[in-house]
2 protein chains.
Amino acid sequence: MSDPGDPFSVDEKRGVYRAIYERRDVRGQFLRRPLPPPVLGRILGAAHHAPSVGFMQPWDFILIEDAALRGAVHANFAAANRRAAAIYSGPQREIYAGLKLEGILDAPVNLCVTCDRERARGHRLGRQTDPATVLYSAACAVQNLWLAARAESVGVGWVSILDLEALKALLGIPPGHTVIAYLCLGFVAEFRAKPDLEEHGWERRQDLASLLHFDGWGRRDAARVAALFPRSAEAGTPE
Amino acid sequence: MSDPGDPFSVDEKRGVYRAIYERRDVRGQFLRRPLPPPVLGRILGAAHHAPSVGFMQPWDFILIEDAALRGAVHANFAAANRRAAAIYSGPQREIYAGLKLEGILDAPVNLCVTCDRERARGHRLGRQTDPATVLYSAACAVQNLWLAARAESVGVGWVSILDLEALKALLGIPPGHTVIAYLCLGFVAEFRAKPDLEEHGWERRQDLASLLHFDGWGRRDAARVAALFPRSAEAGTPE
């Protein structure tokens, strides 16, 4: 075990930034090869060590491998996606139709992350002023899981185009629990260099500098921005 | 630059798990030493490379260093915390009173992360079925930031005991934007081995196995749990 007092080595630090910058929302590159259970266990352990308001740990994890169940989730997605596609027209409709937005049947494991909004644990510490912090804690668990998966060369795709009430019924999720994420996990043929949605021309990455405010909303400071990102033309690119 | 096709080296992988397991919600250990702007820039870059629904990137970042502004935020916290403390009684009240829950004035940098729920970017892809995914995206940005900070030996504390409407007014945050997190950042005297709330007896970590379900809510499977966590008595501990 490492000592929390030791600074990260150059390689350890690079690992963290690699996971962050090389993480992808994987849909089309899943291999059917099963995930070794200990790898999946480490990824779940990472999720469980996310921060949570009041140390509440409001999450649950439902692993889904059963083929019939995944077929039903896929049918749920297909119906929701037909409704979602209907708002687009023209070239946007064409791009949308060409996007692969899930790997429910392709990935060997699906994982539903839920949040128990009323869990007694934590004794309400920190969440009286903002009950949504409970949901944010569960979202942080998803991000931990995603980065640990990347370090294990496991791809993760987040499927948000689902009728969540129907999904809750299908999986037997009790009232009071919120579905935070429905994830597909598996080894991948490749991690693409760019996000799918960027590659397909759906959206571009914003300039980070345009999202920075100094000591108050809308207060910009070009000199401070230049000091924050000294080595890169594109703000936020790691050395 | 690394190639996304290369598996993570042992050290790179350890870096990711160290960041996840050694991350702390820091309140009492901040040093006043300023953060070098390029370090802060890398941490912000990590946040900006979080996943987001439809590649929407709904976040903004307000850096707060001004002493008067931080004083006003601290007063906001103090009032909110007096109200929050009032629900506890007996020994719990004593523990609560002894907890340090923020480092607003101690940390050299405060950072407010907001979420623009109606941002046009992403063209609503993926969020028609669940508008909360926009908020989850911003929470994932906070977690990326937290882990990058840990790799840089920078502590982060999330202050959720704040009157958020008053905070929005103070920072001039426009309507339609939600405060996701108010964070304190700085170098630290130490990263504690355990979460503060565990150390002070406020709450204990749950057993991960009790939060796992297989192919449906409430379906437990001891054999699969054993396969997931083969090497550790405590589920989820990395090798």
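In case you missed it, the structure is sitting above this.
Please read all numbers here as calculations on a predicted model, not as lab measurements. (Residues numbered from 1 in each chain as written. Chains lettered and ligands numbered in written order. Predicted model: local features only at pLDDT ≥ 70, side-chain atom pairs only at ≥ 80, totals over all residues. Heavy atoms only, no water.)

Turning next to the sheet that holds strand 1 (residues 59-64) of chain B. Read across the sheet, 5 strands follow the order 5(A)-1(B)-2(B)-4(B)-3(B) without closing on themselves; strand pairing throughout is mixed. Edge positions in the sheet fall to strand 5 (212-214) of chain A together with strand 3 (154-159) of chain B, since each of these pairs with one other strand and no more. Between one strand axis and the next, the sheet turns through 25° on average, direction left out of account. Where strand 1 of chain B meets strand 2 (residues 109-116) of chain B, 6 bridges bridge the pair, whose relative direction is antiparallel. (Pairing = 2+ DSSP bridges. Helix = DSSP H or I, 4+ residues; strand = E, 2+ residues; numbered from the N terminus. Axes fitted to C-alpha atoms, helices over the stretch in contact; angles between N-to-C directions.)

Here we take up the relation of the copies chain B and chain A. For the match of chain B to chain A, the screw axis carries a shift of 0.0 Å, the RMSD comes to 0.0 Å, and the turn is 180°. Look at the turn and shift together and you get a two-fold axis relating the two. The share of interface residues of chain B whose copies in chain A are also at the interface is 100%, consistent with both copies meeting through the same surface. (Least-squares fit on C-alpha atoms with pLDDT ≥ 70 in both. Contact = heavy atoms within 4.5 Å.)

Residues and elements named next belong to chain A. Most of strand 4 (residues 177-187) is tucked away, with 11 of its 11 residues classed as buried. Here strand 2 (residues 109-116) runs beside strand 4; their pairing, made up of 8 bridges, is antiparallel. Among the inter-strand pairings, V109 is bridged to a residue of strand 4, identified as L185. Bridge count for strand 3 (residues 154-159) against strand 4 is 6 bridges, and the pairing is antiparallel. Its bridge partner lying in strand 4, V159 is registered against Y182. (Buried < 20%, exposed > 50% of the residue type's maximum accessible area, 1.4 Å probe, protein only.)

Looking now at the sheet that holds strand 5 (residues 212-214) of chain B. As summarised here, the arrangement of the 5 strands in space is 3(A)-4(A)-2(A)-1(A)-5(B), forming an open sheet in which the pairing is mixed. The strands lining the two open edges of the sheet, one partner per strand, are strand 3 of chain A together with strand 5 of chain B. Geometrically, the sheet is characterised by an average inter-axis angle of 25° between neighbouring strands, direction not taken into account. Docked against the sheet, helix 2 (residues 37-48) of chain A engages strand 1 (59-64), strand 2, strand 3 and strand 4 of chain A together with strand 5 of chain B, running at close to 160° with respect to strand 1 of chain A.

Contacts between chain B and chain A engage 120 residues on the former and 120 residues on the latter. Here chain B packs against chain A, burying approximately 10700 Å² in sum over the two surfaces, 60% of which is carbon and sulfur. Summed over the shared surface of chain B and chain A, the number is 10 salt bridges. One salt bridge in this structure joins R224 of chain A and E65 of chain B, with 3.2 Å as the shortest N-O distance. (Buried area = accessible area lost by both parts, 1.4 Å probe. Salt bridge = Lys/Arg side-chain N within 4 Å of Asp/Glu carboxyl O.)

Our focus in this paragraph is the packing of helix 1 (residues 10-22) of chain A against helix 5 (residues 133-151) of chain B. Packing of helix 1 of chain A against helix 5 of chain B leaves a shortest axis separation of 9 Å and a crossing angle of 165°. Considering the angle they form, helix 1 of chain A stands roughly antiparallel to helix 5 of chain B. Along this stretch, helix 1 of chain A crosses helix 5 of chain B, giving a crossing that reads as left-handed. The residues of helix 5 of chain B that touch helix 1 of chain A, namely those facing K13, V16, Y17 and I20 of chain A, are N144, L147, A148 and A151 of chain B. (Parallel < 35°, antiparallel > 145°, perpendicular 65-115°, else oblique. Left-handed = near helix turned anticlockwise from the far one by under 90°.)

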